[in-house]
Amino acid sequence: GAVVSQHPSWVICKSGTSVKIECRSLDFQATTMFWYRQFPKQSLMLMATSNEGSKATYEQGVEKDKFLINHASLTLSTLTVTSAHPEDSSFYICSAPPLPGLELSEQFFGPGTRLTVL
Amino acid sequence: AQTVTQSQPEMSVQEAETVTLSCTYDTSENNYYLFWYKQPPSRQMILVIRQEAYKQQNATENRFSVNFQKAAKSFSLKISDSQLGDTAMYFCAFMKHGAGYALNFGKGTSLLVTP
């Protein structure tokens, strides 16, 4: 089946620095990617939708200047957490939607990236 | 906006027994999809079962089945013959038809299967 990878799987950074998380579709093209954030023992919350060749769509309450999303190609979407603070520490998961017309088919989730900001 | 509610933060079941996880949702949509996802300790999201809202027949996947009550906006998951490998977080999720495929997740239920 289709595979989505994320890199890095775990990152620790100092407060005030920026961190880039990559999400790649390995054997298919994805014009759209979803970015979710999951705090410990909590649910996945949709942060934004990245669209290849256009601006990302952010959910209400998500700071677009803090969480920069770039969908540079049909196989790569990146999330950059700028000026990270300890409260940004979380688990970030990307996913590619099912193919059009196959809404019931599986979404392709990446394995996630654990971000710890010291 | 759609809300998904899972009222059981934690549940425990003995191996080989049956357990039911509850999920209710709120929507004004008529055409949508419902899912149960499993998140084991590895954190990788795994699709367990899916249901189209316009289908009255409850979905079944091996030991997993759902009880979909559209009028009541209820979508419970039944796990039969529970196995130790079923230990995980289970998330109920809602997806509106034709709205870009983003999933709206409930808060999850942590299921522990004991020997």
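Definitions and limits used
- Residues numbered from 1 in each chain as written.
- Chains lettered and ligands numbered in written order.
- Predicted model: local features only at pLDDT ≥ 70, side-chain atom pairs only at ≥ 80, totals over all residues.
- Heavy atoms only, no water.
- Helix = DSSP H or I, 4+ residues; strand = E, 2+ residues; numbered from the N terminus.
- Rg over C-alpha atoms; globule rule 2.2 N^0.38 Å.
- Buried < 20%, exposed > 50% of the residue type's maximum accessible area, 1.4 Å probe, protein only.
- Contact = heavy atoms within 4.5 Å.
- Areas by Shrake-Rupley, 256 points an atom, 1.4 Å probe, with all protein chains shown as cover.
- Lys, Arg positive; Asp, Glu negative; His and termini not counted.
- Charge placed at Lys NZ, Arg CZ, Asp CG, Glu CD.
- Pairing = 2+ DSSP bridges.
- Axes fitted to C-alpha atoms, helices over the stretch in contact; angles between N-to-C directions.
- Polar contact = N/O pair within 3.5 Å; in protein donor to acceptor, adjacent residues only side chain to side chain.
- Buried area = accessible area lost by both parts, 1.4 Å probe.
- Salt bridge = Lys/Arg side-chain N within 4 Å of Asp/Glu carboxyl O.
- Nonpolar A, V, L, I, M, F, W, Y, C, P; charged D, E, K, R; others polar.

## Details of the overall build of chain B
Then, number 1: Helix and strand content of chain B: 0 helices and 12 strands.
Then, number 2: Taken from N to C terminus, the helices and strands of chain B fall in the order β-β-β-β-β-β-β-β-β-β-β-β.
Then, number 3: The globule rule puts the C-alpha radius of gyration for 115 residues at 13 Å, and the 14 Å found for chain B is close to it.
Then, number 4: C-alpha atoms of chain B, sized along the principal axes, occupy 40 × 25 × 20 Å.
Then, number 5: Taken across its 115 residues, chain B has 49% of its residues classed as buried.
Then, number 6: Taking the contacts inside chain B whose residues are at least 6 apart along the sequence as the reference set, 55% of them involve residues at least 24 apart.
Then, number 7: As presented, chain B carries roughly 5,600 Å² of accessible surface, and 46% of it is formed by carbon and sulfur atoms.
Then, number 8: Of note, chain B has its 10 positive side-chain charges centred 7 Å away from the centre of its 9 negative side-chain charges.

## Comments concerning the sheet that holds strand β8 (residues 76-81) of chain A
All names here are of chain A.
Then, number 1: Spatially, the 4 strands line up as an open sheet ordered β1-β3-β8-β7, and their pairing is antiparallel. Looking at which strands have only one partner, the edges of the open sheet turn out to be β1 (4-7) and β7 (67-73). Going from strand to strand, the sheet's axes swing by 15° on average, the running direction of each strand aside.
Then, number 2: With 4 bridges joining them, β1 and strand β3 (residues 19-25) adopt antiparallel strand pairing. Bridge pairing links Gln6 to Cys23 in β3.

## Here's the deal with the side chain of Asp88 of chain A
All names here are of chain A.
Then, number 1: Among the structural elements, Asp88 can be located in the loop between β8 and β9 (90-96).
Then, number 2: For Asp88, a relative accessible area of 4% translates into the label buried.
Then, number 3: Within the structure, Asp88 has its side chain in polar contact with the side chain of Lys66 (distance 2.8 Å).
Then, number 4: Those residues within four positions of Asp88 in sequence are excluded, and the remaining contacts are Lys66, Phe67, Val81, Ser83, Leu115 and Val117.

## Describing the interface of chain A and chain B
Then, number 1: With 23 residues of chain A at the interface, the matching set in chain B holds 21 residues.
Then, number 2: For the pair chain A and chain B, the two sides together bury roughly 1,900 Å², of which 58% comes from carbon and sulfur.
Then, number 3: Between the two partners, chain A and chain B, sit 0 salt bridges.
Then, number 4: Summed over the shared surface of chain A and chain B, the result is 6 residue pairs in polar contact (both at pLDDT 80 or more).
Then, number 5: Breaking the side of chain A that touches chain B down by element, the ones donating at least two residues are β4 (32-38), β5 (44-51) and β9 of chain A.
Then, number 6: Element by element, the count of residues in the side of chain A that touches chain B is highest for β4 of chain A, at 3 residues.
Then, number 7: Residue composition of the side of chain A that touches chain B, grouped by class: 13 nonpolar, 7 polar and 3 charged.

## A short note on unusual backbone geometry
Then, number 1: Going from His7 of chain A to Pro8 of chain A, the amide bond is cis rather than trans, its omega being 0°.
Then, number 2: Here Pro8 of chain A lies in the loop between β1 and β2 (10-13).
Then, number 3: Notably, Asp81 of chain B is not glycine yet its phi reads approximately 50°, a positive angle.
Then, number 4: Along the chain, Asp81 of chain B falls in the loop between β9 (74-79) and β10 (88-96).
Then, number 5: Assessed through its relative accessible area of 40%, Asp81 of chain B is described here as partly exposed.

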